[in-house]
Amino acid sequence: MGMGEEGKQRRTQLGGSLPVPNVQSLAASCTSPSTVPDRYLRPDLDGHVVVHGDAEQLPVIDLAVLLGEGRPSSRDEAAKLRSACEDWGFFQLVNHGVGEEAVESMKAAMEGFFSQPLEEKMGSSEQRAGSIEGYGQAFVVSDEQKLDWGDMLFFYAQPPDLKNTRLWPSHPPTFRSALEKYSMEVKKVALSLLRQLGGELGLEAEELTGLFQEGVQGVRMNYYPHHTGRLLGISPHSDAVGLTLLLQVNPVQGLQIRRAGRWIPVCPMPGALVVNVGDVLQILSNGQYKSIEHRVIINAEKERLSIAAFHSPNLDCLIGPLPELVKEGEQRYNTLRSEDYARLVISSKLDGKNLLDSMKVRA
Ligand code: OGA
Ligand code: NI
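Residues numbered from 1 in each chain as written. Chains lettered and ligands numbered in written order. Predicted model: local features only at pLDDT ≥ 70, side-chain atom pairs only at ≥ 80, totals over all residues. Heavy atoms only, no water.

An unreviewed UniProt entry lists the protein chain under the name S-norcoclaurine synthase 1, with Anthurium amnicola as the source organism. Database annotation for the protein chain, UniProt heading Sequence similarities (unreviewed entry): "Belongs to the iron/ascorbate-dependent oxidoreductase family." (UniProt positions renumbered as here; feature names shortened; annotations may be inferred.)

Spelled out as structure tokens, the structure:
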């Protein structure tokens, strides 16, 4: 089923970002905090206690154990996965099976792109009006909002129909093949996890994965320049997708998740992927799996690079609680067509509203 050029445009031109300065070059020219424009400063950044402690470490799930069909250890791992998604909304995934070569070439391709001079990056991949694909910033929707201290490179990588490969950078020359390969391998992992998560909800085999099989995958490469100012790489948010798989590209931490009113730093184990439940999975599961707020802080000495792969359902499916999971009168969220959901995502950004709140069924 092809959607044609027009369909692709309709699906990918969902609104772009107001133009704002490139942060990498701003960082180079504003070395002291006093020269950073006010729009980036977050005076109340330390308003909440940040906790470092072993007791507050993310659950770790081993995919190889999880997939060890029928074994008791696999059932235990599945129970752990379920409780991670119900209680934390976040976990680390080890033995995920994404090949080391796919990971290393993706990292090298991203580093190769970002290390080019600004003109090269802009020249090969600048974001176009009305779209978030390309090199630029995440949705900036008003002149008043605080700005994030980071640049990004974003592309739709799945389904094949949605892919605008000609927007993908041709430098470094390995970029396109690295992204193709990484995208496919990560998608496989996302589907494995969704299969298990569906099973844990008591759904028929493939019911949940069926929604994502031909689904949308967007890949966001984040570059956060180092700085000593009170800045945020990404403002607090939850992901408006099904499932996010994040790779920390260099050993610089910055991701924090909100748990019981405090910010908890995520310290990924070498080689692990950080996985989180997005709003769509919370909605599909009628609130059983939780989409948790997170943010990124800025390191004083070294830039941070990460790659988030976002997985959303097929374009023709409905976003709403799965009927089997709704007991009499307990439907927590409204059901929308995926296109209307996409529109809601954009308009909630415009209003600064919480998306999940606006989809809640009112008594
Ligand atoms: C995101 C995100 C976290 C990170 O891209 O949505 O939350 O560590 N990224 O870069
Ligand atoms: Ni996020």
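Asks: I tried to follow the overall build of the protein chain on my own but got confused; where do I start?
Replies: A count of helices and strands for the protein chain gives 11 helices and 14 strands. Taking 363 residues into account, the globule formula puts the C-alpha radius of gyration at 21 Å, and the protein chain, at 20 Å, falls close to it. By principal-axis analysis of the C-alpha atoms, the protein chain measures approximately 55 × 50 × 50 Å. Counting over 363 residues, the protein chain shows a buried share of 53%. Of the contacts formed within the protein chain by residues at least 6 apart in sequence, a portion of 78% connects residues at least 24 apart. (Helix = DSSP H or I, 4+ residues; strand = E, 2+ residues; numbered from the N terminus. Rg over C-alpha atoms; globule rule 2.2 N^0.38 Å. Buried < 20%, exposed > 50% of the residue type's maximum accessible area, 1.4 Å probe, protein only. Contact = heavy atoms within 4.5 Å.)

Asks: Could you clarify how one ought to interpret the coordination of the nickel ion (ligand 2) in this entry?
Replies: A four-donor tetrahedral metal ideally has 109.5 degree angles, and a six-donor octahedral metal ideally has angles of 90 or 180 degrees. Surrounding the nickel ion (ligand 2) are the protein donor atoms His 237 (NE2), Asp 239 (OD) and His 294 (NE2), at 2.1 to 2.2 Å. All donors to the nickel ion (ligand 2) come from one chain, and their sequence spacing reads H-x1-D-x54-H. With His 237 in strand β6 (residues 232-237) and His 294 in strand β11 (residues 294-297), the pair connects residues that are 57 residues apart, well separated along the chain. Classification of His 294 as buried rests on a relative accessible area of 6%. (Donors = N, O, S within 2.8 Å, 3.2 Å for Na, K, Ca; no water.)

Asks: What is the right way to look at the nonpolar core in this model?
Replies: Grouped together as the largest cluster of nonpolar side chains are 68 residues, with contacts concentrated most on Phe 91, Leu 93, Tyr 182, Leu 193, Leu 208, Met 221 and Ile 307. Broken down by element, this core gets its largest block of residues, 11 residues, from helix α7 (residues 175-200). Beyond its immediate stretch of four places on either side in the chain, Leu 208 contacts Leu 194, Leu 197, Gly 198, Leu 203, Leu 281, Leu 284 and Leu 322. Counting residues in hydrophobic clusters, the runner-up holds 36 residues, among them Leu 26, Tyr 224, Leu 255 and Ile 292. (Core = buried A, V, L, I, M, F, W, Y, C linked by side-chain atoms within 4.5 Å.)

Asks: Got a minute to help me understand the site of ligand 1 in this structure?
Replies: Near ligand 1, the surroundings consist of 14 residues, among which Tyr 224, His 237, His 294, Arg 304 and Ser 306 are the closest. Measuring from an oxygen atom of ligand 1, one finds a side-chain N or O atom of Asp 239 at 3.4 Å. Within the side chain of Ser 306, one N or O atom sits 2.6 Å away from an oxygen atom of ligand 1. Isolated, ligand 1 exposes 290 Å² of accessible area, and the fraction of that covered by the protein chains is 97%. (Near = heavy atom within 4 Å. Polar contact = N/O pair within 3.5 Å; in protein donor to acceptor, adjacent residues only side chain to side chain. Areas by Shrake-Rupley, 256 points an atom, 1.4 Å probe, with all protein chains shown as cover.)

Asks: Looking at this structure, I do not really get the sheet that holds strand β12 (residues 304-312). What am I missing?
Replies: One key point about sheets: their strands pair by backbone hydrogen bonds, in either a parallel or an antiparallel sense. Sheet architecture is open: 8 strands sit in the order β1-β2-β10-β7-β12-β5-β4-β3, paired in mixed fashion. Both edges of this open sheet fall to β1 (60-62) and β3 (134-136), since each of them pairs with a single strand only. Averaged over all pairs of adjacent strands, the angle between their axes in this sheet comes to 25°, without regard to strand direction. Taken together, the 3 bridges between β3 and strand β4 (residues 151-158) define a ladder with antiparallel strand orientation. Bridge assignment links Gly 134 to a residue of β4, and that residue is Phe 154. (Pairing = 2+ DSSP bridges. Axes fitted to C-alpha atoms, helices over the stretch in contact; angles between N-to-C directions.)

Asks: Would you mind showing me how to read the sheet that holds β6 here?
Replies: Pairing is antiparallel in the open sheet, where 4 strands are placed in the order β6-β11-β8-β9. Since the sheet does not close on itself, it has two edges, and those belong to β6 and β9 (262-265), each with one partner. Averaged over all adjacent pairs, the angle separating strand axes in this sheet is 30°, with direction ignored. In this structure, strand β8 (residues 255-259) lies alongside β9, joined through 4 bridges in antiparallel fashion. Each bridged residue has a counterpart across the sheet, and for Arg 258 the counterpart in β9 is Trp 263.

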